[in-house]
Each structure stands twice: as structure tokens, then as C-alpha cells.
Protein chains: 2
Amino acid sequence: MMRTRPLKVALLGCGVVGSEVARIMTTHADDLTARIGAPVELAGVAVRRPSKVREGIDPALVTTDATALLKRGDIDVAIEVIGGIEPARTLITTAFEHGISVVSANKALLAQDGASLHAAAEQAGLDLYYEAAVAGAIPLVRPMRESLAGDKINRVMGIVNGTTNFILDKMDSTGAGYQEALDEATALGYAEADPTADVEGYDAAAKAAILAGIAFHTRVRLDDVYREGMTEVSAADFASAKRMGCTIKLLAILERAADGESVTARVHPAMIPLSHPLASVREAYNAVFVEAEAAGRLMFYGPGAGGSPTASAVLGDLVAVCRNKLAEATGPGESAYTQLPVSPMGDVVTRYHISLDVADKPGVLAQVATTFAEHGVSIDTVRQQGKDGEASLVVVTHRAPDAALSGTVEALRKLDTVRGVASIMRVEGE
Amino acid sequence: MMRTRPLKVALLGCGVVGSEVARIMTTHADDLTARIGAPVELAGVAVRRPSKVREGIDPALVTTDATALLKRGDIDVAIEVIGGIEPARTLITTAFEHGISVVSANKALLAQDGASLHAAAEQAGLDLYYEAAVAGAIPLVRPMRESLAGDKINRVMGIVNGTTNFILDKMDSTGAGYQEALDEATALGYAEADPTADVEGYDAAAKAAILAGIAFHTRVRLDDVYREGMTEVSAADFASAKRMGCTIKLLAILERAADGESVTARVHPAMIPLSHPLASVREAYNAVFVEAEAAGRLMFYGPGAGGSPTASAVLGDLVAVCRNKLAEATGPGESAYTQLPVSPMGDVVTRYHISLDVADKPGVLAQVATTFAEHGVSIDTVRQQGKDGEASLVVVTHRAPDAALSGTVEALRKLDTVRGVASIMRVEGE
């Protein structure tokens, strides 16, 4: 089985993840050789700043010309850990044109151009693996597209962004407000200086698009994913959640419609019961809950980011791609045969938790209840609190289409007895 | 890509799992075809009792002669869901002799004869897949041997038996004793009439042997696994656990020694902190916690048994094996290159929680403490309770080799001030 000519790897990018990939390839070379069935050799490292000292990496391997590295003719596998759209996209395409399989950790690129990249890989008879693009080290892409290949996934609900989970966990456990928790996350290195991609849900939406495609064997574009950030979540929302036996998480939720003919994909903060396995996912950990027809309820949990965990996922893919190369085979490519349409957010059926500031006078509750009824939204519970002419109403609805719920809220805002809508939050996981 | 000649499958066994496999193969035939790249056909079903009515299965496919089915020349893949050692072992061997790849759900057989079956598969250039053998529907074998193929697993700690977890969860949540909880598990169908294989840890030990082999790339035999059942766990133990902020679980624990030169494998009840992700695994669910060098702490959670979940795992393997057949390749076989020895239980380093009934007189604590010190076991905490001339001592130790701990307990039993050792339990997961 063992051959002696090594498989040659081009590493594109050498930041936090890339340097860790290079380190493990060197320190664990014997293990990788045994598991692949052939030695694997780091043949070149493409970087932007060649002058930077990179411990453990032979300077002779470093180049600024990634394209030339891919074109030189002896590379078997390219590892793309540059991130972002360009030059990553062009380099991956170049790799496929030169018979090179690709392992990528690039969620933004996969979410935006997954279909065309998969097509290019398939046409060339090559592999495109990307376990690291979703939920870091947590094995998720492979279990969903291989272990559950004989099952039907109906629902995926996940915490796929560690930064926002850290912030929400802090708010929950300490009673802190959003800004205070964000500041702590930034100080500890969990949030970037510009946290927009995380807190506005863009990062989670990219992962949601990738996961939805795999889960439902259909193509889900980034634009198909409804997205709401978590910057408006307040300490008061956590207090309300606690009264309901819930906590608040930023969730990516992918669902097959009840009739099986369409799917939905969305990212937003939501209340979930404390008894739900996702509720106890603390700090910056990620976890993804999968409901499949035969398998039932599964959960995958682990670190969703960081150099080492991401490198672990990249190297698992590297072993698989190298084994495929040796067998002259390819792993599973894109599976989009169901061609299910993605329905808009309005079609999602869910529950709402709504806090209203209302006038403290008779008839307010009746007026509010009538508004819900007019929009076909059934109320589960109402809690009324009044003091000094001011009052608040907390309404939790039964399940209804999101369009009906947002129509209700719009109408409530117009009632002269409603002074304001203090918060609206979906309730999931029940 | 699509070919029209179907891949032919022989189903060996048609009990709870087998009938569910057959049902899904029929109802989800189009999905399986799309995911495999060729149609897959149930070509024969070998059973013991052919007269039994099997809904949805063409009676013309049913045979009592499994060997003839495998030898008839057109079978591509055999699914073995008979269980037990024979005739399963001989049939799998026969399959390999006739160019047939095998998907098995047979933990007992894999734990006992995995090495020879893997060798037979490899020699014949065929696949042996067995995701369903460990933790039912939870993708675990594939993530461990493929997703983590570029990483180094140092520790696996899992709840791999649903029956015992149901019993222990009942004891924890209701304060019931072992017998009462077992009776409820039996009444609800979670425990078999003879629960020995579950409650004495035999089932978990078989899974532990399989998982240890995969985790450490070495061969771990069933006899290498230290095994202790959970029939002695009492309501008093749960009360003690609660005082420590712990619960009690039956755990399969697989560890690489600190020097990396050996491994240990064991199954026993243990206290774990309530903050540990495994502590919140309720009812009959399974979960496996994996610590890898680069990936960090991962957990896989889901239903560990049952017809549908197990069928889901079998069918995921079926898709993979069929895809391999079409690509004229094979998936990863046994990986035992590290050849690490398995150390005995005495070498395991852990902590003990020990309850002693002692005479309520001065000097007892000093005598007990001396005994621990003589065996090189350092005490973390001692709690002393006395009433009416009787007293109890609860000692929690620091980490020490299991041999030193059991030596300490043996010596304690000989002290005339120690009336009895009420319970001994290991403390894990800290």
C-alpha cells in the first residue's frame, strides 16, 4: 500500500490557521503518512508578506506568487486558508485547471460561489473539501453529507458563531448589557475590532447557506438566508427569557417545509428553552442540532473557531483528499438534485415573544387581543404589569407564519394605546 | 455519472433494524439513487423465520439460506444486522470471499473479531463499514476515523449505553433506587428482560474496544477493556454526588497515557461535574466526548439505539460503500499502525470518592489519613458526620494511580475502626 513519492501540498495563506496547518504537517508527519498511505510534503507556502518570520517553516518554501506555485506542475493538493473572495476564488479555479484538488476553510467564498466551484471540481474530476468552513473543528460537513447520506434531514438549528455566543452567554450569566458584554469579548480577543460580520449575523448566514445546501441537497445562496443581528438584544430580553424558562441564542435555522416542497434558511436571535441541548452551549463554543427522519435528534458540539481547531478540520480533509488521490477517486461532490426552492422568511412558521409598553387603562388588552386575532395569530399567554399609569404587556403567541406575526406587530404599533414595542423575539426549539 | 444497472444489496437479518433498513431503501429509493449515483436494489433478505409476515418486503426476496444468497454471484453489498458472533462472522467472511463489501451493525463481533474481519476485507480489496455498531445513529466512527484523521485524539469519554443512562437519569431525577429505576426501564422497553449485557457494562465495553481502536490507531481487544457494572450504584451515591455538584454516569473512558506510549480503556460508573457536557445527557440518549490535540473538546450526541436511528447509520454506510464500489475504490480500513500497548486498570490515573462507616471516636480520621498517605494517595477533601456512636467519613482524593487507590481501600477495610466501605466511586471529567 505504501508508496514513497510524497503527495505535494501547496499552502495558500499562512495566518493563524495556515501556520498551524504547517506546524502539524511537520510535527505529525509520520502519523499523516500512516493514515494517508503515502508521505505528504509541504511543497510551497504562498503568502502576502514574505519577510515575516514564520517559525518552523523553511523560508525556501515561501513565495508571494501563489499562481506560479499552483502552475509549477508537481502539486497534488492545495490548501486555501486565505479567506475572503479574491484572490481565493481565482486561485482555487487555477488549482482545478492544473489537476490539483482543494481543501478550503473559506466560508464566505463557499457560501457565495459554492455552486460554480463545485462544478469546476467535478468537471476536472477533483475534490473540493471544506469541513473547516463551518463550525471550525466540529465534524459537521462530513457527518451531514456522508453519515446521514441514507437519511432525510428535516431541520438544522445551530450556534455557528462563537463571538456572538460568548456575548450572549455573558449577558445571560452576568446580567450585562450588550455593549458591556461586547467590550469584554473584544478585550479577551473573542470579538474583532470591527465586530459587524459576527454581531450582524453575516458570518452565521454564510455558514447557514452552506449547511442548508448540504442538509437538503439543494442550492441555497447567501441571499436566500434571512438575517437579523443580535445588537438589539437587551438585558430586559434576558429577564423575559428567564421568566419563560428560556435563554437567548443567535441561531442559524434551516427547515424543510411541512409539505417537503420547499426549505427556509434564517439567522436571528431567538429564545430557546433551558432544557434544549443548545441552551447549555457556553462561551465561544459552537453546536449544531440536526433532526433527521430516521436518526432522530443529533447534536455536534465543539470549538467553532481558532487556529488549532480549524487546522484540525483542514488536516482531516487533507487526509481524505490525499487518500482519494491515491485511489484515483473523488469524494462526494455537491449534491443539489432535489432543487427545492427557498421560501422567504414570511413563510417560516414560528412563535413570537412580544413586549409592549401600553397605556394603563381598561380595554387595552381587548384591543391588543383583537389585533392578534385579526391577523390570524393565536395567543398562548399574556402577562400584564401596570404601575403609575404605565403598563407593559408580554404576549407569547402560538405558531404562526412569520408574515402574520410581523403584520400583527405593524398593526400593534399603530394602536394609540400602544406606546411602543419594547422587543420582539422568536421562540424556537420547543 | 449515473449508471442504470443497480447495485444489489443482500440484507442479512430482518429484525427491528433490518426491517427499517428495508423500509427506507424502498420509500427513499430515489434519494438513495441520487446520492449514490446509481440505483440500489434490495436483492435478497436472509431470515431465520421465513413465515413471519414482513410488511413492505416482497416475499420472493426472503430466504433462509444466507450463504446461498451471498454466493449467487450478483450481490455487491451485504448488510449484516443479525448481531452476535455466529452465523454473522462466517457470513461476513463468505461475503468477502465473494467480492461483496459489508456494512455491519454488530458491536459484539467487531469488538471480538474486528482485526481478522478488517484483514479479510483489506485482502479482498473490499469495504467493512460499521458506523451503526457504536452509539446508533450518532455519526462517530466516520468523524473519528476520517474528520479527525489529521489530528491526535488523547481522550474519549462517552455514554454509549442508553439503557443504563435511562436508569441512572431516573435515579438522579427521582431519587429512586437501582431496582426501582430498572423496573421502570423494563416496563418502558428501555431494558431487556435480562438486562445483564447493559447493566454489567458488557455492551459498553464492546463499544469501548471499537472506539479505542479507532481513536488511537491501535488494536484494543474486548479483554483489554476494564469493566465494572452499575448495579451497585445507590440512591446514597447520588446524594453524595449532588453534594459534590456531580451526577453519576456509566462511562466508557479511553485515554492515551501522559507519555503517549500506552493507552487505557475502561467502563465503570463515575461521578462527573454537573457542568460537564455529558452530565446533561438525559434518558436513553448517548453522547461521546472527544478530546483531540488540535480540535480541542468535541461532543457527539444522539439516540444510541432503536430501529430507525440504527438504520440511519447503516444506510449512511451503504451510500458510502456503494459510492466506493462505483469508483472502484475502498474507504479507510483498520488503522492500527501505532501498536500502542493497552495498560491495565491499575495504571489509570484518576480520583476516588470513598464513603466509610467508621467508629465515632477520636483518632479515626488520623488512622484513615495515615492509610491514604502510606499508599501515596493524597486527600483532597474529607467530610465527617457522626451520630450515636456511628460516624461516616467521605474522602475525595487527588489524582492517583488506580492501583494505589484500590490498595488504599483494601487497607482501609482492615482497620478495626472502619466498620465498612459504603461506596467507592471514581470522579471524572474535571
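Residues numbered from 1 in each chain as written. Chains lettered and ligands numbered in written order. Predicted model: local features only at pLDDT ≥ 70, side-chain atom pairs only at ≥ 80, totals over all residues. Heavy atoms only, no water.

Under the convention used in this document: UniProt positions are given in the numbering used here, feature names are shortened, and annotations may be inferred rather than shown by experiment.
As recorded in an unreviewed UniProt entry, chain A goes by Homoserine dehydrogenase and comes from Streptomyces katrae. Of the comments in the UniProt record for chain A, the one headed Sequence similarities (unreviewed entry) reads "Belongs to the homoserine dehydrogenase family." Regarding chain A, the UniProt comment filed under Cofactor (unreviewed entry) reads as follows: "a metal cation".

## Quick notes on the UniProt feature "domain: ACT" (unreviewed entry) in chain A
Convention followed: Segments assigned H or I by DSSP are reported as helices when at least four residues long, segments assigned E as strands when at least two residues long, and all are numbered from the N terminus.
The residues that UniProt annotates with the feature "domain: ACT" (unreviewed entry) are residues 353–426 of chain A. Helix makes up 32% of residues 353–426 of chain A and strand 47%, whereas the separation of the span's terminal C-alpha atoms amounts to 6 Å.

## Structural notes on the domain arrangement of chain A
As a reminder, the rule being used: Residue ranges labeled as domains rest on an automatic or database domain assignment.
Partitioning chain A into structural domains gives domain 1 (7–136 + 307–327), domain 2 (141–303) and domain 3 (349–427). Relative placement of domain 1 of chain A and domain 3 of chain A: their C-alpha centres are 52 Å apart.

## What about the pattern of salt bridges?
Between side chains of opposite charge, a pair can form as their charged atoms come close. Rule in force here: In the sections that follow, a salt bridge refers to a side-chain nitrogen of Lys or Arg positioned within 4 Å of a carboxyl oxygen of Asp or Glu. A simple rule labels every residue: compare its accessible area, found with a 1.4 Å probe on the protein chains alone, to the largest value its type can have, and call it buried under 20%, exposed over 50%, or partly exposed in between.
All told, the structure shown has 53 salt bridges over all chains when counted by the stated rule. A salt bridge links A:Asp402 to A:Arg426, with the nearest nitrogen and oxygen atoms 2.7 Å apart. Of this pair, A:Asp402 sits in helix α14 (residues 402–414) while A:Arg426 sits in strand β17 (residues 418–427), and the two are 24 residues apart along the sequence. Both residues of the pair, A:Asp402 and A:Arg426, belong to the buried class. Between B:Asp74 and B:Arg72 there is a salt bridge, and its shortest N-O distance comes to 2.7 Å. A relative accessible area of 45% places B:Arg72 in the partly exposed class. The network of salt bridges with shared partners includes A:Glu131, A:Arg142, A:Glu146, A:Asp317, B:Glu131, B:Arg142, B:Glu146 and B:Asp317.

## Side note on the side chain of B:Asp151
This is how the line gets drawn: Polar contact is the term for a pair of N or O atoms within 3.5 Å; when the atoms are in protein, one must be able to donate a hydrogen and the other to accept it, and sequence-neighboring residues count only if both atoms are side-chain atoms. Any pair of residues with heavy atoms lying within 4.5 Å of one another is described as a contacting pair.
When you line up the elements, B:Asp151 lands in the loop between α6 (141–147) and β7 (153–159). Here B:Glu293 takes part through its backbone nitrogen, which lies 3.4 Å from a polar atom of the side chain of B:Asp151. Within the structure, the side chain of B:Asp151 is placed 2.7 Å from the backbone nitrogen of B:Ala295, a separation counted as a polar contact. In this structure, B:Asp151 is in contact with A:Arg35, A:Ser312, B:Ala292, B:Glu293, B:Ala294 and B:Ala295, ignoring residues within four places of it in sequence.

## Remarks on the relation of the copies chain B and chain A
Applicable threshold: Copies are brought into register by a least-squares superposition over C-alpha atoms of residues with pLDDT of at least 70 in both.
With an axial shift of 0.0 Å and an RMSD of 0.0 Å, the rotation relating chain B to chain A amounts to 180°. Interpreted geometrically, this transformation is the action of a two-fold axis. For chain B, the residue whose C-alpha comes nearest the rotation axis is B:Phe300, separated from it by 2.4 Å. Both copies present the same face, since 100% of the interface residues in chain B are matched by interface residues at the equivalent positions in chain A.

## Details of the packing of aromatic side chains
Residue and element names in this part refer to chain B. Put simply, the test is: We call Phe, Tyr and Trp rings a pair once their centres come within 6.5 Å, taking the six-membered ring for Trp, and we label the pair stacked below 30 degrees between planes, edge-to-face above 60, and tilted otherwise.
Taken as a whole, this structure holds five aromatic pairs over all chains when the rule is applied. Geometrically, the ring pair formed by Phe166 and Tyr190 is stacked, given 4.2 Å between the ring centres and 25° between the ring planes. With a gap of 24 residues between them, Phe166 in helix α7 (residues 162–174) and Tyr190 in the loop between α8 (178–187) and α9 (196–199) connect regions that are remote in the sequence. With a relative accessible area of 4%, Phe166 lands in the buried category. When the centroid spacing of 5.0 Å and the interplanar angle of 5° are considered together, the rings of Tyr285 and Tyr301 count as stacked.

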